[in-house]
Amino acid sequence: MAIVPDVLVIGATGTTGSRVLAGLRERGVSARAANRAPAGPGQVRFDWTDRGSHADAVRGVSAVYLLAPIGEADPLPLVQPFLADALAAGVRRVVLLSSSAVAEGAAGLGELHHLVRTSVPEWTVLRPSWFMQNFTGAHLVAQGVRDGEIVTATGDARVAFVDAADIAAVAVHALTDEEPHNAEHVLTGPEALSYAEAAEIIAAHTGRAIRHRAVGTAEFADLVTGAGIPAAFADMLAALDEDVRGGAEDRVTDTVERVTGFPARSFRTFTKKEIR
């Protein structure tokens, strides 16, 4: 492992960012958390919409963990000027969190793939499958777990759900390894499951009745919008579910183990440890 001078973690309070920040600090890497309202040491002010905050955030930074602006269907206009400022300030390595469902060049996150790959000297694009953590916390799927009915537009198609801790572990390697990865990493768990199968696993563990209800893409988009998500972003999420229904996420990779040396966590193990 190469100890880099400083790493900026964008999305440091989020599902993967918080784990990346902790992983870096555990390894003795100086890491600062980007935050709109910094409240303590190790935090720096950063606001996507305020370009004036970018210079201080990247000063002295050599690498960035890049999480696109949350809820933005078209993040390029915000990310491109930030990345230009970061490179001008001396940043050489960027690790972008994207999605296994998004190919380079596709609208939205796919445009960021191309931007990072073609403009950053040392780069990695992380393309994880659906997070296991979607079944906990504030996510709609998690609410479905609590209500006893998970609703998606995925039909009976399978997804190789991946643990955010495994994503973060790969990110820490990509940020700190001596040799830059300069690659896209498709990250999955060790087994592909349908939402109905996932619901059965959770039900068996918790003793509660939990099922999966499949709906159409348009109905799912309406449900997501009704939960307070902007319509454009809701439509994008519904389209991703439609892609899943077509088999886009029914695959398993060994990338987590190849990069970290440890096997990816299984959904059953996650359920036993994280779901009550």
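Look a little higher up for the structure.
Predicted model only: the values in this text are computed from it and were never measured.

1. Re the packing of aromatic side chains
Any two aromatic rings considered together are summarised by their centre-to-centre distance and by the angle between their planes.
Argument step 1. Scanning all chains against the criterion turns up nine aromatic pairs.
Argument step 2. Both rings, one in Phe-46 and one in Phe-82, keep their centres 5.2 Å apart while their planes meet at 75°; by these two values the pair is edge-to-face. On the criterion of sequence distance, the pair formed by Phe-46 in the loop between β3 (43-45) and α2 (54-58) and Phe-82 in helix α3 (residues 76-88) is long-range, its members being 36 residues apart.
Argument step 3. The exposure class assigned to Phe-82 is buried, which follows from its relative accessible area of 0%.
Argument step 4. Cluster of aromatic residues (ring-pair linked, three or more members): Phe-135, Phe-161, Tyr-195, Phe-267 and Phe-270.

2. Let's talk about helix α11 (residues 267-274)
Argument step 1. Turning to α11, its buried residues are Phe-267, Phe-270 and Thr-271. Within α11, the buried residues cover an arc of 100° as seen down the axis, which keeps them to one side. Relative to its buried face, α11 has exposed residues pointing more than 90 degrees away, namely Lys-272 and Lys-273.
Argument step 2. The inward-facing, buried residues of α11 abut β10 (193-194) and α7 (195-206).

3. Observations regarding the nonpolar core
Argument step 1. If you look at the biggest cluster of nonpolar residues, it comprises 55 residues, and the most contacted ones within it are Leu-8, Ile-10, Leu-66 and Phe-82.
Argument step 2. Here this core takes seven residues from helix α6 (residues 164-176), the largest share from any one element.
Argument step 3. If you look at the next biggest cluster of nonpolar residues, it comprises 22 residues, including Ile-150, Ile-202, Val-244 and Ile-275.

4. Overview of the environment of Arg-158
Argument step 1. Within the fold, Arg-158 resides in strand β8 (residues 158-159).
Argument step 2. A relative accessible area of 34% places Arg-158 in the partly exposed class.
Argument step 3. In the structure, Arg-158 is positioned 91 residues away from Glu-249 in sequence and 6.6 Å away in space, judged by C-alpha atoms.
Argument step 4. A polar contact is formed between the side chain of Arg-158 and the side chain of Glu-197, at a distance of 2.7 Å.

5. Quick notes on the pattern of salt bridges
Argument step 1. The full count for this structure, using the stated rule, is 17 salt bridges.
Argument step 2. With a closest N to O distance of 3.3 Å, Arg-127 and Glu-184 form a salt bridge. With Arg-127 in strand β6 (residues 122-128) and Glu-184 in strand β9 (residues 183-187), this residue pair connects regions lying 57 residues apart in the sequence.
Argument step 3. With relative accessibility at 31%, the residue Glu-184 sits in the partly exposed group.
Argument step 4. Linked through salt bridges whose partners overlap, the residues forming this network are Glu-149, Arg-211, Arg-213 and Glu-219.

Here is what the cut-offs are and how they apply
Residues numbered from 1 in each chain as written. Predicted model: local features only at pLDDT ≥ 70, side-chain atom pairs only at ≥ 80, totals over all residues. Heavy atoms only, no water. Phe/Tyr/Trp six-rings, centres within 6.5 Å; stacked < 30°, edge-to-face > 60°. Helix = DSSP H or I, 4+ residues; strand = E, 2+ residues; numbered from the N terminus. Buried < 20%, exposed > 50% of the residue type's maximum accessible area, 1.4 Å probe, protein only. Arc of directions from axis to C-beta. Contact = heavy atoms within 4.5 Å. Core = buried A, V, L, I, M, F, W, Y, C linked by side-chain atoms within 4.5 Å. Polar contact = N/O pair within 3.5 Å; in protein donor to acceptor, adjacent residues only side chain to side chain. Salt bridge = Lys/Arg side-chain N within 4 Å of Asp/Glu carboxyl O.

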